[in-house]
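Close look at the chain arrangement
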Amino acid sequence: MPELPEAEVVRRGLERWTVGRRVETVEVLDPRSLRRHIGGPGDFVQRLQGASILDAVRRGKFLWLPVALASGDELALMMHLGMSGQALIQGDDQPDERHLKVRLGLSETPDGLPGQLRFVDQRIFGGMFLDPLEPTADGHPGGRGALGLPLIPEHAAHIARDPLDPDFDPSAFHAALRRRKTGIKRALLDQGLISGIGNIYADEALWSAQLHYARPTETMTRPETQRLVEAVQDVMARALEAGGTSFDSLYVNINGESGYFSRSLNAYGRAGEACPRCEAEGRDGVIVREQFMNRSSYRCAVCQRRPRRARY
DNA sequence: CAGCCATCCTGGGGGC
DNA sequence: TGCCCCCAGGATGGCT
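Every value quoted in this text rests on a predicted model; they were computed, and no experiment measured them. (Residues numbered from 1 in each chain as written. Chains lettered and ligands numbered in written order. Predicted model: local features only at pLDDT ≥ 70, side-chain atom pairs only at ≥ 80, totals over all residues. Heavy atoms only, no water.)

Contacts to DNA strand B come from 13 residues, most closely from Arg32, His99, Lys181, Thr182 and Arg186. Sugar and phosphate atoms represent 76% of those atoms of DNA strand B found within 4 Å of the protein. Within the contact set of DNA strand B, a phosphate oxygen lies 2.5 Å away from a side-chain nitrogen or oxygen of Arg32. Measuring from a phosphate oxygen of DNA strand B, one finds a side-chain N or O atom of Arg180 at 3.3 Å. (Near = heavy atom within 4 Å. Polar contact = N/O pair within 3.5 Å; in protein donor to acceptor, adjacent residues only side chain to side chain.)

This part takes up the environment of Ser71. Summarising the element assignment, Ser71 is placed in the loop between strand S4 (62–68) and strand S5 (74–80). Separated by 21 residues in the primary sequence, Ser71 and Gly50 place their C-alpha atoms 8.8 Å from one another. A polar contact of 3.4 Å, which involves the side chain of Ser71, links it to the backbone nitrogen of Asp73. (Helix = DSSP H or I, 4+ residues; strand = E, 2+ residues; numbered from the N terminus.)

With that settled, the discussion passes to the domain arrangement of chain A. In terms of domain boundaries, chain A breaks down into domain 1 (4–156) and domain 2 (170–300). On a C-alpha basis, the centroid separation for the pair domain 1 and domain 2 is 29 Å. Tallying the contact residues gives 22 residues for domain 1 and 20 residues for domain 2. Taking both sides of the interface into account, the surface hidden between domain 1 and domain 2 amounts to around 1600 Å²; carbon and sulfur atoms contribute 66%. Interface area lost by domain 1 to domain 2 is led by Pro5, Glu6 and Val9, which between them contribute 32%. Linking domain 1 to domain 2 there are zero salt bridges. At the junction of domain 1 and domain 2, the tally comes to six residue pairs in polar contact (both at pLDDT 80 or more). Elements supplying a minimum of two residues to the side of domain 1 that touches domain 2: helix H1 (4–18) and strand S6 (85–90). A per-element tally of the side of domain 1 that touches domain 2 places H1 first, with 10 residues. Tallied by class, residues from the side of domain 1 that touches domain 2 come to 10 nonpolar, six polar and six charged. (Domains from an automatic or database assignment. Contact = heavy atoms within 4.5 Å. Buried area = accessible area lost by both parts, 1.4 Å probe. Salt bridge = Lys/Arg side-chain N within 4 Å of Asp/Glu carboxyl O. Nonpolar A, V, L, I, M, F, W, Y, C, P; charged D, E, K, R; others polar.)

Where helix H2 (residues 40–48) is concerned, the buried positions are Gly40, Phe44, Val45 and Leu48. Trailing H2 by a residue or two, Gly50 shows a phi angle of about 90 degrees, which is positive. (Buried < 20%, exposed > 50% of the residue type's maximum accessible area, 1.4 Å probe, protein only.)

Our focus in this paragraph is the UniProt feature "domain: FPG-type" (unreviewed entry) in chain A. The sites that UniProt annotates as "domain: FPG-type" (unreviewed entry) are residues 266–305. Secondary structure across residues 266–305 comprises 12% helix and 30% strand; the distance between its end C-alpha atoms is 16 Å. (UniProt positions renumbered as here; feature names shortened; annotations may be inferred.)

Core analysis: the largest hydrophobic core is formed by 42 residues, its most contacted members being Phe173, Ile197 and Leu228. For this core, the elements supplying multiple residues, two or more each, are helix H3 (170–179), helix H4 (184–189), helix H5 (199–209), helix H6 (222–241), strand S11 (287–292) and strand S12 (295–300). Excluding its chain neighbours within four sequence positions, the residues that come into contact with Ile197 are Glu3, Lys61, Leu188, Leu189, Gln191, Ala202, Val232 and Met236. Leu34, Ile53, Leu65 and Met79 belong to the second largest nonpolar core, which has 34 residues in total. (Core = buried A, V, L, I, M, F, W, Y, C linked by side-chain atoms within 4.5 Å.)

Here we come to the layout of surface pockets. Taken as a whole, the largest pocket encloses approximately 670 Å³ of empty space. Around the largest pocket sit 28 residues that line it, and Lys61, His80, Gly82, Met83 and Phe125 are the ones nearest its centre. Counting only elements with at least two residues in the lining of the largest pocket, the list comes to strand S9 (127–135) and H5. Here the lining of the largest pocket takes three residues from S9, the largest share from any one element. Grouping the constituent residues of the lining of the largest pocket by class yields 14 nonpolar, eight polar and six charged. Residues from two domains meet in the lining of the largest pocket; each of domain 1 (4–156) and domain 2 (170–300) gives at least three. (1 Å grid on protein atoms, 1.4 Å probe; cavity = no way out; pocket = protein on both sides within 12 Å on 5 of 7 lines; lining within 4 Å. Points joined across faces, edges and corners; volume = space filled by probe spheres on them.)

Our focus in this paragraph is the pattern of salt bridges. On inspection of all chains with the given rule, the structure shows 23 salt bridges. Residue Arg215 pairs with Glu224 through a salt bridge whose shortest N-O separation is 2.8 Å. For the pair Arg215 and Glu224, one class covers both residues: buried. Across the pair Arg270 and Glu273 runs a salt bridge whose closest N-O atoms are separated by 3.4 Å.

Moving on to the side chain of Thr109. Mapped onto the elements, Thr109 comes out in the loop between strand S7 (100–106) and strand S8 (116–121). Assessed through its relative accessible area of 16%, Thr109 is described here as buried. Side chain to side chain, Thr109 and Asp111 meet in a polar contact 2.9 Å long.

Dropping the structure here:
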């Protein structure tokens, strides 16, 4: 399930393999992957053909390639991996993937890089679309236009900075939490508050910070928020180092390889197993699985106790 | 306006 | 072996 670390692995691949190249051909094999492109598949193909790829940028789980169109306009080729999206670099002779949705034929390079960028997506929660770049007040490096202004795609402007962004502000995050009236896990999953966190890393960070998912945000103390932010940053940095979390072949990097962070998870997917912290400290805590927000939540029944006042 | 929830989607796995 | 139901969950739009 691609969250921030997995998206960052893909971004690095895009940066290395596609920046500086031109999009020569565009083939849409399933229009459902372009659902969010307003003009439809025809418009997508027509505008993107001949575009030059300038950069590879990410905020939270959103990825985009700032491109210069043949017309001279600069905009963002947006990409979201959703549940099962993959961006793959493949040679022209590689057989089509079963769930291949969009194929971009890229210009040749002196060192003979593979010729295609493919968007593959089984569950079609992800997709691609072209999005105008607009000026951003806070200096996020989403690509720079002719006037040198920092730009961000219109549909990423509402996404908060993520915990690995050097300009992420823990104090502002704490203040925002205190203003909210909801449970802490809901807040962690709210991409407008803090971005890049999905179900897996939310559960891992809450386990690490010893917080229950229904803890009311308005009662979070400063030290608790600090612990939580550090836990998120730590788990994401370690996941990134391991190439991301993958339970099957659905999440892979740009060369089709799975990360191996799943073996390092402490709570997620470990219902019935001993809590690693409790085990180390001589208690008998067990990881339990509960339905919350229409998905599974994993926590230790002993060291992540339900708060007296809970918010779901 | 904030909070919350249904909806989109497919393949793998378990039960019978 | 085949069929049916459940499960996975990110973002969005609509409802309260």
